[in-house]
Amino acid sequence: MPIWAETIKTCWDKILTEEEILAEFRASDALLEGHFILSSGRHSMQYLQCARLLMQPRRAARMAEALVAKIPADIRRSIDVVVSPAMGGVIIGHEMGRALDLDALFLERPDGTFILRRGFYLEPGQKVLMMEDIVTTGLSSREAIQAIRDAGGNVIAAGALVDRSSGAAQFDVPFFPLTTMDVPSYAPDEVPAELAAIPTTKPGSRKA
């Protein structure tokens, strides 16, 4: 039996419930409360610090294996490579590559636009899983998908640890989040007074 098949069999034996996934976030102190400015520019009273969730390798592997188990077998078998946007998607993208026994590449924004660097490249038509950590509006994910296409890849699915868009994030490929969280977020001119009274924190990696 090939490595990936053994991994998938293990995944199906270890599917995580929504409660178990949230318990992992809480156990790693990855679910924060306060007034946060998200990478999308929107404001929220909760922030999911996936870096803390993923800092323990065994936990990161469990999250990836559970997500692989949610991807339909026909799509899963078709994926050639995993590509994720830096910084947030790098660790979970790497773990998805491990779970699928595939290469894991990442995109960077040296000048504000996603591109492949560090010798990474895609063969024309390679079938790609675009992997994020958290999706809020879906904008950066769509930008990553376009960058993959510009590099010659064929994005056949998108994945994320968490979809916190309340269903608003839309893609032109199938989207598979490990879990969904209905956490309100607000445009800068829509922030409620009680949230505006709390000092802001911008915990993500992007400056703007």
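In what follows, the accompanying structure is described. Throughout this document, residue positions are counted from 1 along each chain, in the order its sequence is written. The model is predicted, so local features are restricted to residues of pLDDT at least 70 and side-chain atom pairs to those at 80 or more, both for listing and for counting; the totals for chains, interfaces and linings are taken over all residues. In computing side-chain values, all of the structure's heavy atoms are included and hydrogens and water are not.

This next bit is on the packing of helix H2 (residues 18-27) against helix H4 (residues 57-70). Two elements in contact, H2 and H4, have axes whose closest approach is 12 Å; the angle formed by their N-to-C orientations is 155°. One way to sum up the angle between H2 and H4 is to call them roughly antiparallel. When the axes of H2 and H4 are compared, the crossing they make is left-handed. Residues Glu 18, Glu 24 and Ala 27 of H2 touch H4, and the partners they reach there are Arg 59, Arg 62, Met 63 and Lys 70. Considered class by class, the residues forming the contact of H2 with H4 number 2 nonpolar, no polar and 5 charged. Interaxial angles span 0 to 180 degrees and are taken between N-to-C directions of axes, which are lines fitted to C-alpha atoms, for helices over the stretch in contact. Labels follow the DSSP assignment, with helices taken as runs of H or I lasting at least four residues and strands as runs of E lasting at least two, numbered in each case from the N terminus. The labels follow the angle: roughly parallel below 35 degrees, roughly antiparallel above 145, roughly perpendicular from 65 to 115, and oblique for the rest. Should the near helix be turned counterclockwise from the far one by less than a right angle, the crossing is left-handed, whereas a clockwise turn marks it as right-handed. The contact criterion used throughout is that any non-hydrogen atoms of two residues lie within 4.5 Å. Amino acids are sorted into nonpolar (Ala, Val, Leu, Ile, Met, Phe, Trp, Tyr, Cys and Pro), charged (Asp, Glu, Lys and Arg) and polar (every other residue, Gly among them).

A few words now on the side chain of Ser 141. If you trace the backbone, Ser 141 turns up in helix H7 (residues 139-150). Not counting the four nearest positions on each side in its chain, Ser 141 is found in contact with Met 130, Glu 132, Val 135 and Phe 171.

This brings us to H2. Buried residues are those whose accessible area, probed at 1.4 Å on protein chains only, stays under 20% of the maximum for their type, while exposed residues exceed 50% and partly exposed ones sit between those limits. Regarding H2, the residues found buried are Ile 21, Glu 24 and Phe 25. Looking straight down H2, one finds its buried side chains confined to an arc of 100°; they lie on one side. Pointing more than 90 degrees away from the buried face of H2 are the exposed residues Glu 19, Arg 26 and Ala 27. On its buried side, H2 packs onto strand S1 (31-37), strand S2 (43-48), helix H3 (50-54), H4, strand S7 (154-163) and strand S8 (175-180). Phi turns positive one or two residues past the end of H2, at Asp 29, with a value near 55°. Relevant arc is that of directions from the helix axis to the C-beta atoms, nothing else.

Attention now goes to helix H6 (residues 89-100). With 12 residues, H6 extends 16 Å between its outermost C-alpha atoms, agreeing within 8% with the 16 Å of an ideal straight helix rising 1.5 Å per residue. Gly 89, Ile 92, Gly 93, Glu 95, Met 96, Gly 97, Ala 99 and Leu 100 are the residues of H6 that are buried. Phi turns positive, to about 60°, at Asp 101, one or two residues after H6. To estimate the expected span of a helix, count its residues, drop one, and scale the result by 1.5 Å.

Their axes nearest at 9 Å, the elements H4 and H6 cross at an angle of 65°. The handedness of the crossing between H4 and H6 comes out as right-handed. The residues of H6 that touch H4, namely those facing Ala 60, Ala 61, Ala 64, Glu 65, Leu 67 and Val 68, are Ile 92, Glu 95, Met 96, Ala 99 and Leu 100. Split by residue class, the contact of H4 with H6 holds 9 nonpolar, no polar and 2 charged.

Turning to the nonpolar core, a few remarks are in order. If you look at the biggest cluster of nonpolar residues, it comprises 32 residues, and the most contacted ones within it are Phe 25, Met 96, Leu 129 and Leu 161. Where this core is concerned, the elements lending two or more residues are H2, H3, H4, H6, strand S6 (127-135), S7 and S8. Excluding residues that lie within four positions of it along the chain, Leu 161 makes contacts with Cys 50, Leu 53, Leu 54, Met 63, Ile 92, Met 131, Glu 132, Asp 133, Pro 177, Leu 178 and Thr 179. Judged by nonpolar contacts, the second largest core, of 20 residues, contains Val 83, Leu 122, Val 128 and Met 130. For our purposes a nonpolar core is just a set of buried Ala, Val, Leu, Ile, Met, Phe, Trp, Tyr and Cys residues, chained together by side-chain atoms within 4.5 Å.

Another aspect to go through is the environment of Ser 40. Its place among the elements puts Ser 40 in the loop between S1 and S2. Owing to a relative accessible area of 35%, Ser 40 belongs among the partly exposed residues under this scheme. Placed 49 residues apart in sequence, Ser 40 and Gly 89 show a C-alpha to C-alpha distance of 15 Å. If we skip the residues at most four places from it in the chain, Ser 40 touches Thr 136 and Thr 137.

As a further point, take the sheet that holds strand S9 (residues 185-186). One open sheet holds the 3 strands; their spatial order is S1-S2-S9, and the pairing between them is antiparallel. The open sheet terminates on both sides in strands that have one partner only, identified here as S1 and S9. Following DSSP output, two strands are said to pair if at least two bridges run between them. Relative to S2, S1 runs antiparallel, the two sharing 5 bridges. For Phe 36, the partnering residue across the bridge sits in S2 and is Ser 44.

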